[in-house]
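# An overview of the molecular structure
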Amino acid sequence: MNETQLGDATNSAENNTKTKQTGKKQLANGFDFSKGTQGLDADSATLIERRKRVLGTLGPLFYNQPIHVVRGQGAHLFDAQGNDYLDCYNNVACVGHVNAHVREAVADQLTRQDTHSRYLQDEVLDYAERLLGYFPQTLDHVSFTNSGSESNDLALRMARAYTGNRGVVVTSNAYHGITDLVASISPSFGTGIPLASFLATVEVADVLKNPGPDAEEILLGRFEAAFRQLHDAGYGVSAVLLDQIFSSDGVLPGAPGWVGRVAQAAHEAGGLLIADEVQSGFARTGDAFWGFQRHNADADIVTMGKPMGNGIPTGAVVYKTPIGDRFAECTRYFNTFGGNPVSMRAASAVLDEIEQRELLRHAETIGDRIAGELESLLGDTPGFGGIRHAGLFIGLDITSRDNRGLPDPAATQRIVDELRTRKVLISASGADASTLKLRPPLVFSDADADRLLDAMQQVKSVGLLR
Ligand code: PMP
């Protein structure tokens, strides 16, 4: 049987019959191993050769001129020569690289105990109670994992068990992780890995980049078409799984609210909304602690990872009671490292920092400042295709300089490289890698913002944005 993905519901009649033929999609801003190490300094060349020998080329490496990171502090990374790079890309170290409070919590726990959750322990309960306090009352249970991928994998299994359906809807360039199931519903890998037969995708970038007054209706219509497609194919709808800031689709915060309408439609179609908060969660979007709250969406399951432990691996799935109860009737879920006391202490220290340093408010204030000043700086510059942001998550489109305004991935990469030369780290995203992506640690200071804006001004003055 041909296990071809159902197709993009945005244009379903055409796509339903189409098997995508292209292969692996390259990561934006990835080092090209096939070009070798000529022209790089000796230290980088040696490390790349060592890396290739043992790690191969499967795992991507950032930049044409990779950076040998040896130390971090706040929003800064330092290389082996002591150069100070401004990290405008790291949401894992959300409360800053080498955060002293997180380090002390972890060190303290390592002097006590670090075993798994099949014993009674305070740490996992203390954190679970605290984390659930950040959710509406209906989302009242949590299971712990080690990564965003594991969280999404578990969420999808729960949704299937609860709804009895198999079908899944995601956006057309979604990324949700690396397990077999999750990779098969992550179109941003390209078609080197076949997409699942029970998947329907929806294009959102075209609408959210240039939203008209009927944007919400158009998006809703597309999701409803996807739900119908899955019903007609006999899969039904188990879940619509949405990154709440649509990072891999090009950083698309959109006007708050439209995801809420999609959640309602998913419920009417018999499915659940899984809110993927790996990117948007933990105060990132400034106006709400979670992206789904910003969209006023009735999420049934919420998944998280990356920033949760500030670098100590940990993830979580938060869900409504009946969903967990149904899954528990079918199976058990034990995850050896999930909820371990060291990770729980790190995660709790992250919440301390977010609360005590008022990082939710800070993300909003400084995000607004940076996005506003970038817009003034670049406003009518040919090649500047527009800026979007929510809190401290900013997407900036780079387009061709003619009046067609087409996405320009080569120019985007040149800007990323030019900033890297100026020791400011950002990257690119979107289906055609033509959106500059800025997502610094939440502790990004005004002085850090000045440095970023100054570097952008220089990029403009050397003619890359002109
Ligand atoms: N979901 C989203 C939206 C992500 O961006 C990522 C990671 N980039 C994941 C899931 C997977 O998380 P992890 O790498 O921790 O498995």
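Definitions and cut-offs
- Residues numbered from 1 in each chain as written.
- Predicted model: local features only at pLDDT ≥ 70, side-chain atom pairs only at ≥ 80, totals over all residues.
- Heavy atoms only, no water.
- Helix = DSSP H or I, 4+ residues; strand = E, 2+ residues; numbered from the N terminus.
- Pairing = 2+ DSSP bridges.
- Axes fitted to C-alpha atoms, helices over the stretch in contact; angles between N-to-C directions.
- Contact = heavy atoms within 4.5 Å.
- Expected span 1.5 Å × (residues − 1).
- Buried < 20%, exposed > 50% of the residue type's maximum accessible area, 1.4 Å probe, protein only.

### A closer look at unusual backbone geometry
One non-glycine residue with positive phi stands out, namely valine 98, at about 55°. By secondary structure assignment, the location of valine 98 is in the loop between strand S4 (84-87) and helix H3 (100-110). Unusually for a residue other than glycine, asparagine 310 sits at a positive phi of about 50°. Considering the arrangement of structural elements, one finds asparagine 310 in the loop between strand S10 (301-304) and strand S11 (315-320).

### Some remarks on the sheet that holds strand S16 (residues 435-438)
A sheet is described by the order of its strands in space; here 4 strands give the open sequence S12-S13-S16-S15, paired in antiparallel fashion. The strands lining the two open edges of the sheet, one partner per strand, are strand S12 (384-390) and strand S15 (427-429). Across the sheet, the mean angle separating the axes of adjacent strands is 30° when strand polarity is ignored. As defined by bridge partners, strand S13 (residues 393-398) adjoins S16 across 4 bridges and the pair is classed as antiparallel. Among the inter-strand pairings, glycine 395 is bridged to a residue of S16, identified as lysine 437. On top of the sheet, helix H13 (residues 359-378) reaches S12 and S13; it is set at about 170° to S12, its chief contact.

### Notes on helix H5 (residues 148-163)
In an α-helix, one turn spans 3.6 residues, which is why side chains three or four residues apart end up on the same side. End to end, H5 covers 22 Å across 16 residues, agreeing with the expected 22 Å (1.5 Å per residue, within 8%). Most of H5 is tucked away: 12 of the 16 residues are buried. Every buried residue belonging to H5 is among Gly148, Ser149, Ser151, Asn152, Asp153, Leu154, Ala155, Leu156, Met158, Ala159, Ala161 and Thr163, and all of these are buried. A positive backbone phi angle near 75° is found at glycine 164, which sits one or two residues after H5.

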